[in-house]
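# What the coordinates show
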Amino acid sequence: MSKKVITATGRRKSSIAQVKMVPGTGKITVNGRDVRDFFPYETNIMDLKQPLVATSTEETFDIEVKVNGGGFTGQAGAIRLGIARALLEYDKANEGSGSETTFRNILKKAGFITRDSRVKERKKPGLKAARRAPQFSKR
């Protein structure tokens with residue numbers, strides 16, 4: 001394994017994550033802090049590690065992430081997509097074989113390559129929110 005830095009970008013809702021992946025021991029840093037210090041919920045940490053778990057590379061790479069925008073869940077989703085894209089970039093050498101064990105096949109089957117395009121709908125005039133109308137009063 002070379003000491004090549006692999007970079008990728010992930011987006012989710014209004015969050016954008018820039019992921020740098022280098023061969024290492026499995027340390028994940030988010031905005032200069034350890035991932036456990038940055039995210040308040042264990043489910044967010046499990047969510048962003050899913051591509052690493054699926055490809056059995058949890059202890060293979062050190063990952064440094066810069067993320068901004070959105071909330072914790074959106075940020076975790078953006079980091080997950082960024083990690084999945086970085087893993088695809090790393091595994092490009094094996095992609096030509098078409099085997100079931102390539103990272104692309106594993107990640108695609110698990111649904112980690114597709115960007116979740118759902119975003120908050122805009123508020124409409126005359127309504128309280130995107131679709132929430134004011135309370136109706138008969139009298």
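See the structure printed just above.
Source: prediction; values computed, not measured.

Reading guide: rules and limits
- Residues numbered from 1 in each chain as written.
- Predicted model: local features only at pLDDT ≥ 70, side-chain atom pairs only at ≥ 80, totals over all residues.
- Heavy atoms only, no water.
- Helix = DSSP H or I, 4+ residues; strand = E, 2+ residues; numbered from the N terminus.
- Rg over C-alpha atoms; globule rule 2.2 N^0.38 Å.
- Buried < 20%, exposed > 50% of the residue type's maximum accessible area, 1.4 Å probe, protein only.
- Contact = heavy atoms within 4.5 Å.
- Phe/Tyr/Trp six-rings, centres within 6.5 Å; stacked < 30°, edge-to-face > 60°.
- Pairing = 2+ DSSP bridges.
- Axes fitted to C-alpha atoms, helices over the stretch in contact; angles between N-to-C directions.
- Core = buried A, V, L, I, M, F, W, Y, C linked by side-chain atoms within 4.5 Å.

Moving on to the overall build of the protein. Secondary structure summary: the protein contains four helices and five strands in total. Along the protein, helices (α) and strands (β) appear in the sequence β-β-β-β-α-α-β-α-α when read from the amino end. Against the compact-globule benchmark of 14 Å for 139 residues, the protein has a radius of gyration of 19 Å, which places it well outside the compact range. Based on the C-alpha atoms only, the size of the protein along its principal axes is roughly 75 × 35 × 20 Å. Across the 139 residues in the protein, those meeting the buried criterion constitute 34%. Sequence separation of 24 or more characterises 66% of the internal contacts of the protein that already satisfy a separation of 6 or more.

On to the packing of aromatic side chains, then. Evaluated as defined, the whole model comprises four aromatic pairs. Where Phe 38 meets Phe 39, the ring centres are 5.0 Å apart and the plane angle is 85 degrees; that geometry is what we call edge-to-face. For the pair shown, Phe 38 and Phe 39 are each scored as buried. Between the aromatic rings of Phe 61 and Tyr 90, the centroid separation amounts to 4.9 Å while the plane-to-plane angle is 80 degrees, which identifies the pairing as edge-to-face. Of this pair, Phe 61 sits in strand S5 (residues 61-68) while Tyr 90 sits in helix H3 (residues 72-90), and the two are 29 residues apart along the sequence.

Here the focus is the pairing of S5. A regular strand places its side chains on the two faces of the sheet in alternate fashion. Alternating residues of S5 divide into Phe 61, Ile 63, Val 65 and Val 67, all buried, and Asp 62, Glu 64, Lys 66 and Asn 68, none buried. Bridge count for strand S2 (residues 15-23) against S5 is eight bridges, and the pairing is antiparallel. For Lys 20, the partnering residue across the bridge sits in S5 and is Glu 64. Here three bridges tie strand S3 (residues 28-30) to S5, and the two strands are oriented parallel to one another. In the strand pairing of S5, Val 30 is matched with Val 65.

Structurally, Asn 44 is set in helix H2 (residues 42-54). Judged by its relative accessible area of 5%, Asn 44 falls in the buried class.

Pairing between sheet strands relies on hydrogen bonds along the backbone, with the strands arranged either parallel or antiparallel. Here we have five strands laid out as an open sheet, ordered S1-S2-S5-S3-S4, and mixed in their pairing. Each of the sheet's edge strands pairs with one partner strand only, and the pair in question is strand S1 (6-12) and strand S4 (33-34). Those strands touched by H3 are S1, S2, S3 and S5, and its axis lies near 145 degrees from that of S1.

On to the nonpolar core. If you look at the biggest cluster of nonpolar residues, it comprises 29 residues, and the most contacted ones within it are Val 30, Phe 39, Ile 63 and Ile 79. Only S1, S2, S3, helix H1 (35-38), H2, S5, H3 and helix H4 (103-110) provide two or more residues apiece to this core. Setting aside anything within four residues of it in sequence, one finds Ile 79 in contact with Ala 17, Val 19, Val 30, Phe 39, Leu 48, Val 65 and Val 67.

What is shown is where atoms sit, not what they do.
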